[in-house]
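So the chains spell out like this:
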Amino acid sequence: MSEEGFENDESDYQTLPRARVNQRQRGLGWFLFGGWKVLCGSCCDCLAHICRRKKELKARTVWLGCPEKCEEKFPKNTIKNQKYNIVTFVPGVLYQQFKFFLNLYFLVVACSQFVPSLKIGYLYTYWAPLAFVLAVTVVREAVDEVRRFQRDKEMNSQLYSKLTVYKNEKLYTEHNQNVPLFFSSFFFAGACFIRTDQLDGETDWKLKVAVGCTQRLPADLFSISAYVYAQRPQLDIHSFEGNFTREDADPQIHESLSIENTLWASTVVASGTVIGVVIYTGKETRSVLNTSYAKNKVGLLDLELNRLTKALFLAQVVLSVVMVALQGFVGPWFRNLFRFVVLFSYIIPISLRVNLDMGKSAYGWMIMKDENIPGTVVRTSTIPEELGRLVYLLTDKTGTLTQNEMIFKRLHLGTVSYGTDTMDEIQSHIVQSYAQSQSSGPKVRKSVSSRIHEAVKAIALCHNVTPVYESHTSVNGETETAEADQDFSDDNRTYQASSPDEVALVRWTESVGLTLVNRDLTSLQLKTPSGQILSFYILQIFPFTSESKRMGIIVREESTGDITFYMKGADVAMASIVQYNDWLEEECGNMAREGLRTLVVAKKSLSEEQYQDFENRYNQAKLSIHDRTLKVAAVVESLEREMELLCLTGVEDQLQADVRPTLELLRNAGIKIWMLTGDKLETATCIAKSSHLVSRNQDIHVFRPVSNRGEAHLELNAFRRKHDCALVISGDSLEVCLRYYEHEFVELACQCPAVVCCRCSPTQKAQIVRLLQQHTANRTCAIGDGGNDVSMIQAADCGIGIEGKEGKQASLAADFSITQFKHIGRLLMVHGRNSYKRSAALGQFVMHRGMIISTMQAVFSSIFFFASVPLYQGFLMVGYATIYTMFPVFSLVLDQDVKPEMALLYPELYKDLTKGRSLSFKTFLIWVLISVYQGGILMYGALVLFESEFVHVVAISFTALILTELLMVALTIRTWHWLMVVAEFFSFGCYLASLAFLNEYFDLSFITTWPFLWKVSAITLVSCLPLYIIKYLKRKFSPPSYSKLSS
């Protein structure tokens, strides 16, 4: 791309992106070649929008215990993934069918047979196939809709405890229960943790606090008079504004509500029990507002076949005009023209849709019955071929590539490093260290044991983890809350934290002997290997933020009174804080290359005077009215100087099974992989490295945060100069770039071997999918497991959902559902590839079947003075398209060029499919030439060899036609299946058996004679033998790639 694309002057900032400037000029040509469909679609969309006009979203006031004051009606709290309802089903399905040129064309042709002057044959020969096509489609769509309804009903039938039956209902939600809607909460303990990975993709647990005046409410919540005022529903999942007012207090209590007091729908209560007031339901919840409507997806193969049928129609009209012209345009030539159009209507076979639709159903059945990918479900049976045409795969991170289970992997002290196989040494050092400290006190000289002791102690203290002990349930089902009955054993203890990294670190310290047993707002207790309890007072906590990239804690040890400041954080933040060393940067790089998430741990001992001075300055800064944040940060930074470096830790986020080989397989297949996640930049980068989405020797360009057009301009220029490097960009910067430089950014990003977008909202994920579709015209696939991935899955050409631990929302909304990420390899390389190649062969063969009989009709009409008289009538035409040739032709859905194992071993075979060479105008023209050649040979051969028996030309040519079609199926097949052989002999047997009942068309005494048999055989041989010879020579001297592997 030229530099002018970016390096322009300020005046260029006022211009629109190139992608929006190029508007196609509309005229008569545009209308005839597709414009009519666009206009019809726009009208239908407009009518649909009017029919389901959205209610204006407003702020609301929800009263507690006063249902009579709540006049507003709220939407039902239900999940709906259905495309239609009972009223729109039939019109919707018919519209989706007749928007295709093929079906619309046959509807017009069938209707024309009600006009006597245009009637060619029997009505059933036109209406029966059309009715069968529509019936198959309606039944298939009905089955899909019923399945969606049943899945939605299962999800909507989950039970929750409701404290009232009024519109201002309160919900009682227990530990590990999914939150079905949004509510403002009142918690028993005043606080709880929730998981939001189904909403925003973040794995961190979020702390939610109750409204202050509700923490000590009486048991009967409806005895108070209060109300909640909430802002109108909106897309933003990171903010909320509202007020809580209690009227029966004197004076009235007013408290502001923020995001800390709220639980969104699709989140999970990770600990404790919650009572809340319902604010938003159904379509007004944040998760649904961020979800797009399910759309009817049409495969690229269907669009390509639709274009080919238009070309065939054009050829049909031209042929009809030629016939009328050769007549000399005599008489009612316009009527004759239309009769010729109807006569040659078989050039576009209506059985094309039937065969393709039944083929799609067969591919879906094969996918679900594949024992190598158990649990796979095909939810949309119309696009299995899309799995074989994908260029871009957009994947979620949490739960898709990773298991969201952190494991402690490495501890580095500068001179010595410990891995998973040497953790027992650390445990022995801890035991030895505490045994020595009890007997002789700590040593002055720092040995390895004392350094390990200090490091493990720092990790056990510097965090925001809280140990939780589950309550027992009594016989009558009530929860025992008496502290005396609480089980404080190690087996009953779990940990809560806002980050899974924190939990992994604390679990590790427990495994080596130093256990966190209790924590509250002011203190925490550790248990040593000998069972001794060490108590610490929490003096200050400095939480982790995205800006600081570190967290700290100041504790006072109860036994000694020593005050210590512990801090841990990212290496980029801690490098300037710790004392000089020569190993930190190198070891951080080594761990990062292994895909580990690193944390630097440091400490600083404080005297009583130092801490008192700090506390005074810190409290004074917190009371400041102006620049409070800056002043507080400045006071904290005064402590963050020359800290003692204790250790470097490495934690691994466990990947899903076989993620690395699967991603490598997809890359070798020519599929570009983009990771879209709501998680933090550092986490996303680590996973991109550990999963080998970004190879070890590949550079990573982290797109700096930009907030305006000028910054985006400079950063894009810097990025443009990089070559063959992966891109990591945040959602905020992405939004700025797309606002001003949409075309340029997408063009540059598409050149990257891998792209990672972090901090992406669900709406942004869908927007990225649509951008790739618009700017590259390639097929996209989106895969995810959470509710925050639904919009992306529905926007993609092919959506794949993973049934994860956190629910089935993505799986239910997807076109295909799998149980593990590794299954996508076989789904694409084997089933996607086979589905596309089989449908391409099947579609072209069915068109060949129509073109060959139309060629014979053209030859017949030209010989008989261009009369618009049909060559074959009635049952012959119906039988030709059904029982005589249908089974062998449809058996092509069992064909395969290579074995599944070979397709997985050589994923490069998949790369050829994206070029669309299996179905193109080139292959189509080859089939046209074959059809013209064979149709001409069959018709002229019958006339030449049977000149004296011309009255039997129908029996002669039709028999040769059936034999030719059966032999052509055999010529097309690459790998024989026993059902193919059965189909060939069954069809031929049906034809022979039907001869006895077709006295109207055949003379049985004539077709049993020896001259008839050898002459029909000769015609068939001339029509097929040259094609067999050409296929043999081509396979010998220019074999396709798959045949080289097969041999």
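- Looking up the protein chain in an unreviewed UniProt entry gives the name Phospholipid-transporting ATPase, with the organism given as Sphaeramia orbicularis.
- Under the UniProt heading Cofactor (unreviewed entry), the entry covering the protein chain gives this text: "Mg(2+)".

## Quick notes on the packing of aromatic side chains
- Inspection of every chain in the model, using the stated rule, returns 22 aromatic pairs.
- Measuring from ring centre to ring centre gives 5.7 Å for phenylalanine 845 and tryptophan 927, while their planes differ by 75 degrees; the resulting arrangement is edge-to-face. In this pair, phenylalanine 845 sits in helix H25 (residues 823-863) while tryptophan 927 sits in helix H30 (residues 921-945), placing the two residues 82 residues apart along the sequence.
- Overall, phenylalanine 845 belongs to the buried group, its relative accessible area being 0%.
- Among the residues examined, tryptophan 927 registers a relative accessible area of 14% and is labelled buried.
- A ring pair is formed by tyrosine 872 and phenylalanine 958, whose centres lie 5.1 Å apart and whose planes are at 70 degrees; its orientation type is edge-to-face. Of the two residues, tyrosine 872 is situated in the loop between H25 and helix H26 (875-881) and phenylalanine 958 in helix H31 (residues 953-972); the sequence distance between them amounts to 86 residues.
- Residue phenylalanine 958 is classed as buried on the basis of its relative accessible area, which comes to 0%.
- Ring pairing ties together the aromatic residues Phe542, Phe565, Tyr611, Phe614 and Tyr618, which thus form one cluster.
- Sitting over the ring of tyrosine 741, arginine 709 keeps its end group 5.2 Å from the ring centre.

## Structural notes on the environment of alanine 858
- By the element assignment, alanine 858 lies in helix H25.
- For the pair alanine 858 and leucine 871, spaced 13 residues apart in sequence, the C-alpha to C-alpha distance is 9.3 Å.

## With respect to the side chain of serine 817
- Structurally, serine 817 is set in strand E32 (residues 816-818).
- Among all residues touching serine 817, those that are not within four sequence positions of it are Gly375, Thr376, Val377, Arg379, Gly801, Glu803 and Ser811.

## Examining the sheet that holds strand E15 (residues 402-412)
- Taken in spatial order, the nine strands of this open sheet run E16-E15-E25-E24-E23-E22-E21-E20-E19, and their pairing is antiparallel. Edge strands, defined here as strands with exactly one partner in the open sheet, are strand E16 (417-418) and strand E19 (515-519).
- Across seven bridges, the pairing between strand E24 (residues 597-606) and strand E25 (residues 644-655) is antiparallel. Paired with valine 600 across the two strands is leucine 648, which belongs to E25.
- Relative to the sheet, helix H15 (residues 608-622) contacts strand E21 (533-542), strand E22 (550-557), strand E23 (563-569) and E24, its axis offset from that of E21 by approximately 40 degrees.

## Details of the side chain of threonine 923
- Checked against the element boundaries, threonine 923 lands in helix H30.
- At a separation of 2.7 Å, a polar atom in the side chain of threonine 923 contacts the side chain of glutamine 844.
- Among residues more than four places away in sequence, those in contact with threonine 923 are Gln844, Arg917 and Ser918.

## Points about a positive patch on the surface
- Taken together, the side chains of Lys911, Lys915, Arg917, Lys922 and Lys1034 make up a positively charged region of the molecular surface.
- Following the sequence through the fold, lysine 915 ends up in the loop between helix H29 (908-913) and H30.

## Notes on the nonpolar core
- Among the nonpolar cores identified, the biggest contains 93 residues, and Ile800, Phe816, Ile824, Leu827 and Leu828 are the most heavily contacted of them.
- If one sorts the elements of this core by residue count, H25 sits on top with twelve residues.
- A domain-level breakdown of this core finds at least three residues from each of domain 2 (345-373 + 826-1044) and domain 3 (392-401 + 656-818).
- If we skip the residues at most four places from it in the chain, phenylalanine 816 touches Ile367, Val377, Val378, Thr380, Ile383, Pro384, Leu387, Cys798, Gly799, Ile800, Gly801 and Leu827.
- Leu411, Leu514, Leu534 and Leu646 belong to the second largest nonpolar core, which has 42 residues in total.

## Considering the pairing of E24
- Counting buried positions along E24 yields eight of ten residues, so the element is predominantly enclosed.
- In this structure, E23 lies alongside E24, joined through seven bridges in antiparallel fashion. Opposite glycine 569, over in E24, you have valine 600 as the bridge partner.

So, how was this worked out
Residues numbered from 1 in each chain as written. Predicted model: local features only at pLDDT ≥ 70, side-chain atom pairs only at ≥ 80, totals over all residues. Heavy atoms only, no water. UniProt positions renumbered as here; feature names shortened; annotations may be inferred. Phe/Tyr/Trp six-rings, centres within 6.5 Å; stacked < 30°, edge-to-face > 60°. Helix = DSSP H or I, 4+ residues; strand = E, 2+ residues; numbered from the N terminus. Buried < 20%, exposed > 50% of the residue type's maximum accessible area, 1.4 Å probe, protein only. Lys NZ or Arg CZ within 6 Å of the ring centre and 35° of its normal. Contact = heavy atoms within 4.5 Å. Pairing = 2+ DSSP bridges. Axes fitted to C-alpha atoms, helices over the stretch in contact; angles between N-to-C directions. Polar contact = N/O pair within 3.5 Å; in protein donor to acceptor, adjacent residues only side chain to side chain. Patch = residues over 30% accessible without salt bridge, like charges linked within 9 Å, V, L, I, M, F, W, Y side chains within 5 Å. Areas by Shrake-Rupley, 256 points an atom, 1.4 Å probe, with all protein chains shown as cover. Salt bridge = Lys/Arg side-chain N within 4 Å of Asp/Glu carboxyl O. Lys, Arg positive; Asp, Glu negative; His and termini not counted. Charge placed at Lys NZ, Arg CZ, Asp CG, Glu CD. Core = buried A, V, L, I, M, F, W, Y, C linked by side-chain atoms within 4.5 Å. Domains from an automatic or database assignment.

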